[in-house]
Amino acid sequence: MISEIITGITDAIYSEFGDDYEIHKERVEQGLVEPCFFVMLVNPTNERVISNRRYLTNRFSIQYFPSTSTPKMECTEVYERLVVALDRIKVGDDLLNGTEFEMSINDDVMTVLVNYNLFTVTTDDTETMLTLETESQVKNE
């Protein structure tokens, strides 16, 4: 599921920004070409809710490395476009809403945090009871 969400994020970024921006899912050791994006998962949680239902909290960090001599202004402009692009992403056949957007700029690199939380149902291979028969009586007083 997480890899599908990452694909949805990178597809949304590509749709908005096109070929002029590289999008990375892994660290680049050498030859970083700016402008570019990095997409990574940060602190996911997986909580059992009821029976075989689980609530997944998926916090993603999208870093943007600008290429101009005015990086803070470029980051601000990219942020506005990025929020619109990531507001709703396609994951498989479904749409997933982004929530809790946060943005910060440190050392001329913008970091955007966004959550893609969802409920899932896990399959359980254990046999279930097919029928139940009960007998009851009313007590006469």
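Source: prediction; values computed, not measured. (Residues numbered from 1 in each chain as written. Predicted model: local features only at pLDDT ≥ 70, side-chain atom pairs only at ≥ 80, totals over all residues. Heavy atoms only, no water.)

Colleague: Lay out the overall build of the protein with the relevant residues and their values.
Modeller: Tallying secondary structure elements over the protein gives two helices and eight strands in all. In sequence order, the secondary structure elements of the protein are arranged as α-β-β-β-α-β-β-β-β-β. In terms of overall dimensions, the protein is more spread out than a globule: its C-alpha atoms have a radius of gyration of 23 Å, far above the 14 Å expected for 141 residues. Per-residue burial over the protein gives 33% buried out of 141 residues. For the protein, the share of sequence-separated contacts (at least 6 apart) that also reach a separation of at least 24 residues comes to 55%. Counting only carbon and sulfur atoms, one obtains 47% of the accessible surface of the protein, whose full area is about 10000 Å². (Helix = DSSP H or I, 4+ residues; strand = E, 2+ residues; numbered from the N terminus. Rg over C-alpha atoms; globule rule 2.2 N^0.38 Å. Buried < 20%, exposed > 50% of the residue type's maximum accessible area, 1.4 Å probe, protein only. Contact = heavy atoms within 4.5 Å. Areas by Shrake-Rupley, 256 points an atom, 1.4 Å probe, with all protein chains shown as cover.)

Colleague: Describe the pattern of salt bridges, naming the residues involved and giving the relevant values.
Modeller: In this structure the tally under the stated criterion is three salt bridges. In this structure, E16 and R81 form a salt bridge, with 2.9 Å as the shortest nitrogen-oxygen distance. Taken as a pair, E16 in helix α1 (residues 2–17) and R81 in helix α2 (residues 71–86) lie far apart in primary sequence, 65 residues in all. Given the relative accessible area of 31%, E16 is considered partly exposed. Exposure remark for R81: the relative accessible area of 33% places this residue in the partly exposed category. With a shortest N-O distance of 2.9 Å, K72 and D108 are connected by a salt bridge. Separated by 36 residues along the polypeptide, K72 in helix α2 and D108 in the loop between β6 (99–106) and β7 (109–115) bring together distant segments of the chain. (Salt bridge = Lys/Arg side-chain N within 4 Å of Asp/Glu carboxyl O.)

Colleague: Describe the environment of C75, with residues and values.
Modeller: Here C75 is to be found in helix α2. C75 sits 19 residues away from D94 along the chain, and the two C-alpha atoms are 30 Å apart. What C75 contacts, discounting residues up to four positions off in sequence, is Y64, P66, I105, D108 and M110.

Colleague: Tell me about a nonpolar patch on the surface, and name the residues and values.
Modeller: Taken together, the side chains of V49, I50 and F119 present a nonpolar region at the surface, about 290 Å² in accessible area. The exposure class of I50 is exposed, given its relative accessible area of 56%. (Patch = residues over 30% accessible without salt bridge, like charges linked within 9 Å, V, L, I, M, F, W, Y side chains within 5 Å.)

Colleague: Just give me the short version of the packing of aromatic side chains, but keep the residues and values in it.
Modeller: A complete count under the given rule lists eight aromatic pairs for this structure. Taking 5.0 Å as the distance between ring centres and 50° as the angle between the ring planes, the aromatic pair formed by F17 and F37 counts as tilted. Residue F17 is located in helix α1, and its partner F37 is located in strand β2 (residues 36–48); the two are separated by 20 residues in the primary sequence. With a centroid separation of 5.9 Å and 40° between ring planes, the pair formed by Y21 and F37 is classed as tilted. Here the residue Y21 occupies a position in the loop between α1 and β1 (22–24), and F37 occupies one in strand β2, the gap between them amounting to 16 residues. Judged by its relative accessible area of 18%, Y21 falls in the buried class. Here the aromatic residues F17, Y21, F37 and Y64 are joined through ring pairs into a cluster of three or more. Here the guanidinium or amino end of R53 rests over the ring plane of F119, the centre of that ring lying 4.8 Å away. (Phe/Tyr/Trp six-rings, centres within 6.5 Å; stacked < 30°, edge-to-face > 60°. Lys NZ or Arg CZ within 6 Å of the ring centre and 35° of its normal.)

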